[in-house]
Amino acid sequence: MPLGKKFRSSSASGRLETKHVTSILSELRGTEERARNRAGPEKADDFLTPWRVGVGEEQPEWLVRELLKQNNRRHSVTLGDKAQMTRSRHRIINSSQSFETEFCTYMLQEHKEKENIVRRNEQVAFTLPAIMNTYGHGIPNVNIHFTPDGAMVTVREDGFVCHWSPDLTPQETKHMFSEGPANRKSKWVSDFTLMMEHNKLMIGTGDKEIQIYELFSLEPYCQISGLSTIPLTLDCSYTDPDRCCVLYGDAEGCVTIILISSAQDTLRLWNNLPKIENIPNIAIGNAALHPNVTFIRWKVHRDWVTQAKYFPAFQAVVSSSSEESSSLVIGCVLPLTDSAQQLNEINEICCGSKTKKKQLSWTPHVRALCDQTVFTVYKGVKTFDLCEKPSLLVTGGMDRLIRLWNPYFSGKPTGVLRGHSAPIFSVCISSEDNRIFSVSTDATVKIWHIQNQYCLFTADPKVSKLYGDISACSYSPPMKSLYIAADCVAVLPVKLRPRLHSRFTVSHNEPVMCSGYSEEFRQVVSCSEGAVVKVWDFDTGRQVLEFDARQDLTSITCMTFDSKGRRLITGGRDGCLRVWNFNNGQCLKTLKKDGKRCEVLDCIFLKVHRNFYVMSVGRDRRIDIYSDNVQDLHHVQRPQPSWQDDLMNGHKGDILCVAQCPPSLVATSSYDGEIIVWNVISGCIHCRFVHLLEAEHQNIKGLDISVPSIIFLKNPRLKQFSSTTTLLSSGIRGCVNLWNVLSGGKLVSNFKASKFQQKIIKLAKADKDTRLYTADRIGYIYVYNIEKLNLEKKSPRAETFWRAHTSTITSLQIVDSDQVVLTSSTDHTVRLWSAQGDFIGTFGQPDIWNVHIPSSWMHPNVPYEVLVDPLSMPDDDTLYEKSDLPEAINRDKTVADRGELKY
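1. Quick look at the overall build of the protein
At step 1: Each helix and strand in the protein was counted, giving 12 helices and 58 strands.
At step 2: For the protein, buried positions account for 51% of its 903 residues.
At step 3: In the protein, once contacts between residues fewer than 6 apart in sequence are set aside, the share between residues at least 24 apart is 51%.
At step 4: Of the roughly 43800 Å² that the protein leaves accessible, carbon and sulfur atoms contribute 51%.

Here you go:
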């Protein structure tokens, strides 16, 4: 702290912001000399004895002043003061250290949640289960390749070729080996690839042949026969538009390369050669002697070649093997060292005038050490992929690890991705999306982030429905889909985030399930379907914090705050409640019961006398009550014993909602239309309501009688119809029902509260129960003045109404202190409105607002998606007068179409 400053900051954050003070501990340095100069030599030695904190740090000056404030000042120092001062110093410094520990823990948790925000923004998933087609299944497919138009080509081991549309509809099929002598031994396919520049399909066979077919008509074109080994893995690439590189790996660990110049003319020449078994044929020996062909065979590995590919961007051939010492090798196509001598030898064999009289030598060459880069991997490499931008090599194998390499340095991988529990079968790099796709032999598929090197998503075979031995796998960047061949051909499309209109503003990337306002912090908290919790500044609409509240892959279904608005309680689909510090995303406690748990649909925080409880209801049709005891330090808490009336005479349907009427009443409503009012002190049923349907509604099939929302009203204006305490509930076809609670429990009245007869999803009250707000399923909000409400009319006029969202409203809360309305919806937004329906803004929008300055609001504008939605069109009778307009906009038909939606 500067010497001239009279007062120190009253908080840790304030101290950090003090000029020239970089941390709380910065004042501990260099105070000894200042203390000695002020107190004098003798007094400094006696009274300000150096007290060391940590590594040689002296007693801070501000600590001495605090000690002087706590003790009566005297002009002399008596015996024993030194010991008393030492004890006081220890108490204060221990308190300071405890504060610093808590402060650091808080900041660490906040930093962790900010890091998780970045992760969630990068998250991706597959659409599950996989889309499958069992056509032609039973025999393994050797590989999968794609044409430029997005079609997929597969070839089975028996030579069955199939062209597929992106959605796995067979387009063109043919059995390549069906023709030929009856006594001929059947062929089998080892691998295949595509020659896209010439629209050709190239197949490697077990008869040591490379056959070439027309890609689309699948007619035979030519074949190269007489290979010394079976081409186990086959690849074709282009060094320029008319120069192709054909290569294959074999069981001897060799990689054979056939470079073809003027490829189109050369292939056309081979197509005119004599046919063998209905296909033009050329022996490899004759092909290698052609002036447009360069033939070379490299000895690369000591075991079978598992994969071999040519990468034009690197001008290199990459091959892999299960043998450890030469697991993967990146090498040149032609020898680069001693080029004069070695090229002369190749020219003498392949291009010289004397070579036509010589036989082709199959003796493999060995690359010089400087012509290749050898990677040593434990248990070898089964699969790999190489990418130019970023310069990245990815390998996978039997040890279940995915290694990331710099392709120019083989000493040590730049990263290791762990998570698979079976050998890696395939890896694919998607540089455009900064992702790696990996598939293991147990059919587990994972998506990895390249730069951050963590798993973004895992598709378990139980969920993806992929079964059997995987024989081929390939990723299609244009289709954003991973295609896998196992027992059948399947596709896992990457789930893309919806691209909204440029004018659309969303608060979450997923439907918002609930939201609420904390008066203590003047913050809004919203929870999405994916259990992402966001904290917003109520006064500006800016995001303050975001954290992932997902536990065991569950989702949040409801939320509430404690009595002070300082803690967040959420309910989930796993049947558990969780208590959060929503300022840093820390889970403070988990509330759950033993045995089978069902989805929690609603929860409230209630006070009974001086005790506080959390009450939850849901699909288990029971009421669970948890004591909110701050003295209980257990992280997991069990509910209190259930009420006997709840066990014996409780709800028969799923409980959708719960509401409290202080001091002792609680109401619950269920899917079957029943409402029960409970006495929370005795645990007994006070009364129960069941709305009897009128004759006109009794025979309607699929009529929604559920009660998704209930509230208590205490208004003297309602006394003429019931007691001062009235229960309001959602009814059928957009109605609101009023129930007498204290006088036996009966239906007093009901009225239609939705213009389009849509289900009322949320009810809220404001201004000391003088105004009623209702929200329906298609996003409309209606406001009724209770003081002027005539319940004898079945359709009283709303004071005002507006459309807040384009889909179901999931929360509706009135902030009386600021006269605003908070709403959230499954349309991914959380919005703020004035009490009269003026649009303040959407949380997360670029422009900030001030709740108390109407000129900063979005009003008179409305949300763009609400403006353009057909159901937001004005209800003008002139639009529906009889005319030559088509029947599509006839008033009667349109109103009917806007009728009751399925729940």
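2. Things to note about empty space enclosed by the protein
At step 1: Evaluation of the coordinates by the stated rule reveals 8 cavities of 30 Å³ or more.
At step 2: By volume, the largest cavity is sized at about 80 Å³.
At step 3: Considering the residues around the largest cavity, the lining is formed by 14 residues, among which Gly 575, Cys 598, Val 600, Asp 620 and Asp 624 are closest to the centre.
At step 4: Of all the secondary structure elements, the ones that give two or more residues to the lining of the largest cavity are β40 (611-618) and β41 (624-627).
At step 5: If one sorts the elements of the lining of the largest cavity by residue count, β40 sits on top with 3 residues.

3. What about the packing of aromatic side chains?
At step 1: Under the defined criterion, the tally for this structure stands at 24 aromatic pairs.
At step 2: Considering the side-chain rings of Phe 547 and Trp 580, the 5.5 Å spacing of their centres and the 40° angle between planes classify their relative orientation as tilted. Placement of Phe 547 in strand β34 (residues 543-548) and of Trp 580 in strand β37 (residues 577-581) is noted, with a sequence separation of 33 residues between them. Accessibility classification places Phe 547 together with Trp 580 in one group, the buried group.
At step 3: Seen in terms of ring centroids, Phe 756 and Tyr 780 are 5.4 Å apart; in terms of plane orientation they differ by 55°. Their pairing is tilted.

4. Focus on the nonpolar core
At step 1: Met 195, Ile 210, Cys 244, Val 246 and Trp 270 are the most contacted members of the largest nonpolar core, which has 26 residues in total.
At step 2: Excluding residues that lie within four positions of it along the chain, Val 246 makes contacts with Met 202, Ile 210, Leu 234, Asp 235, Cys 236, Thr 256, Ile 257, Ile 258 and Ile 260.
At step 3: Ala 459, Ala 486, Ala 490 and Val 494 belong to the second largest nonpolar core, which has 25 residues in total.

5. Remarks on the sheet that holds strand β23 (residues 415-417)
At step 1: Sheet architecture is open: 4 strands sit in the order β20-β21-β22-β23, paired in antiparallel fashion. With partners counted over all chains shown, the strands left at the sheet margins are β20 (383-387) and β23, one partner each. Between one strand and the next, the sheet's axes are offset by a mean angle of 15°, whatever the strand orientation.

6. Points about the pattern of salt bridges
At step 1: One pass over the full model with this rule turns up 31 salt bridges.
At step 2: Ionic pairing is found between Arg 578 and Asp 574, a salt bridge with its closest N-O pair at 3.0 Å.
At step 3: For Arg 578, a relative accessible area of 7% corresponds to the buried category.
At step 4: Residue class for Asp 574 comes out buried when judged on its relative accessible area of 17%.
At step 5: The shortest N-O distance in the salt bridge between Arg 619 and Glu 599 comes to 3.1 Å. Of this pair, Arg 619 sits in the loop between β40 and β41 while Glu 599 sits in the loop between β38 (586-591) and β39 (600-608), and the two are 20 residues apart along the sequence.
At step 6: Judged by its relative accessible area of 38%, Arg 619 falls in the partly exposed class.
At step 7: Given the relative accessible area of 18%, Glu 599 is considered buried.
At step 8: What emerges from the salt-bridge pattern is a single network uniting Glu 529, Arg 573, Glu 599, Arg 619, Arg 621 and Asp 654.

7. Quick word on a nonpolar patch on the surface
At step 1: A surface patch of nonpolar side chains, amounting to about 260 Å² of accessible area, comprises Val 862, Leu 867 and Val 868.
At step 2: Tracing the backbone shows Val 862 in the loop between β58 (839-842) and α11 (864-868).

8. Brief notes about the environment of Ser 391
At step 1: Among the structural elements, Ser 391 can be located in the loop between β20 and β21 (392-396).
At step 2: Residue classification places Ser 391 among the partly exposed residues on the basis of a relative accessible area of 34%.
At step 3: Residue contacts for Ser 391: discarding those within four places in its chain leaves Phe 314, Trp 405, Pro 407 and Tyr 408.

9. Structural notes on the sheet that holds strand β12 (residues 243-249)
At step 1: One open sheet accounts for 4 strands, arranged β11-β12-β13-β15; its pairing is antiparallel. A strand with exactly one partner marks an edge of an open sheet, and here the two such strands are β11 (233-240) and β15 (293-299). The sheet shows a mean angle of 15° between the axes of neighbouring strands, direction not considered.
At step 2: Pairing geometry for strand β13 (residues 254-261) and β15, over 7 bridges, is antiparallel. Its bridge partner lying in β15, Ile 257 is registered against Ile 296.
At step 3: Along the sheet, helix α6 (residues 263-271) makes contact with β12, β13 and β15, crossing β13 at roughly 100°.

10. Description of the pairing of β39
At step 1: β39 sits mainly inside the fold: 8 of its 9 residues count as buried.
At step 2: Bridge analysis of β39 against β40 gives 8 bridges, and the strand direction is antiparallel. Counterpart to Asp 602 in the pairing with β40 is Val 617.

11. Considerations on the pairing of strand β28 (residues 472-476)
At step 1: For β28, the buried fraction is high: 5 of the 5 residues fall into the buried class.
At step 2: Residues of β28 alternate between two faces, with Ala 472, Ser 474 and Ser 476 on one and Cys 473 and Tyr 475 on the opposite face, all of them buried.
At step 3: Sheet topology note: the β28/strand β29 (residues 481-485) ladder contains 5 bridges and is antiparallel. For Ala 472, the partnering residue across the bridge sits in β29 and is Ala 485.

12. Side note on unusual backbone geometry
At step 1: With an omega dihedral of -5°, the bond running from Leu 128 to Pro 129 counts as a cis peptide bond.
At step 2: On the secondary structure map, Pro 129 appears in the loop between β1 (125-126) and β2 (131-133).
At step 3: Here the bond from His 859 into Pro 860 is cis, since omega is 10°, no more than 30 degrees from zero.
At step 4: Position of Pro 860 among the secondary structure elements: in the loop between β58 and α11.
At step 5: Positive phi is not limited to glycine here, since Arg 400 has a value of about 70°.
At step 6: Mapped onto the elements of the fold, Arg 400 is located in the loop between β21 and β22 (402-405).
At step 7: Relative accessible area serves as the criterion here: at 40%, Arg 400 is assigned to the partly exposed category.

13. Considering the environment of Thr 808
At step 1: Turning to its location among the elements, Thr 808 is positioned in the loop between β54 (800-803) and β55 (809-815).
At step 2: Taking the relative accessible area as the measure of exposure, Thr 808 reaches 25% and is therefore partly exposed.
At step 3: Put simply, Thr 808 and Ser 825 are 17 residues apart on the chain and 5.6 Å apart in space, counted from C-alpha to C-alpha.
At step 4: Contacts of Thr 808, omitting those with residues within four sequence positions, involve Ile 761, Arg 777, Ser 824, Ser 825 and Thr 826.

14. Details of the confidence of the model for the protein
At step 1: Put simply, the protein has an average pLDDT of 81, and 77% of its residues get 70 or more.
At step 2: Across residues 1-57, confidence stays below pLDDT 50; counting only partners more than four residues off in sequence or on other chains, it has 79 contacts.
At step 3: This stretch, residues 352-358, has a pLDDT under 50; its non-local contacts, to residues over four places away or in other chains, come to 8 contacts.

15. Some details on α6
At step 1: Burial in α6 covers these residues: Ala 263, Thr 266, Leu 267 and Trp 270. Within α6, the buried residues cover an arc of 95° as seen down the axis, which keeps them to one side.

16. Section: the state of the cysteines
At step 1: A complete count under the given rule lists 0 disulfides for this structure.
At step 2: Distance from the sulfur of Cys 236, which forms no disulfide, to the nearest cysteine sulfur (Cys 244) is 4.7 Å.
At step 3: Classification of Cys 236 by relative accessible area gives buried; the value is 10%.
At step 4: In this structure Cys 245 is not part of a disulfide, and its nearest cysteine sulfur, from Cys 236, lies 7.6 Å away.

Rules used in this analysis
Residues numbered from 1 in each chain as written. Predicted model: local features only at pLDDT ≥ 70, side-chain atom pairs only at ≥ 80, totals over all residues. Heavy atoms only, no water. Helix = DSSP H or I, 4+ residues; strand = E, 2+ residues; numbered from the N terminus. Buried < 20%, exposed > 50% of the residue type's maximum accessible area, 1.4 Å probe, protein only. Contact = heavy atoms within 4.5 Å. Areas by Shrake-Rupley, 256 points an atom, 1.4 Å probe, with all protein chains shown as cover. 1 Å grid on protein atoms, 1.4 Å probe; cavity = no way out; pocket = protein on both sides within 12 Å on 5 of 7 lines; lining within 4 Å. Points joined across faces, edges and corners; volume = space filled by probe spheres on them. Phe/Tyr/Trp six-rings, centres within 6.5 Å; stacked < 30°, edge-to-face > 60°. Core = buried A, V, L, I, M, F, W, Y, C linked by side-chain atoms within 4.5 Å. Pairing = 2+ DSSP bridges. Axes fitted to C-alpha atoms, helices over the stretch in contact; angles between N-to-C directions. Salt bridge = Lys/Arg side-chain N within 4 Å of Asp/Glu carboxyl O. Patch = residues over 30% accessible without salt bridge, like charges linked within 9 Å, V, L, I, M, F, W, Y side chains within 5 Å. pLDDT = per-residue confidence, 0-100. Arc of directions from axis to C-beta. Disulfide = S-S within 2.5 Å.

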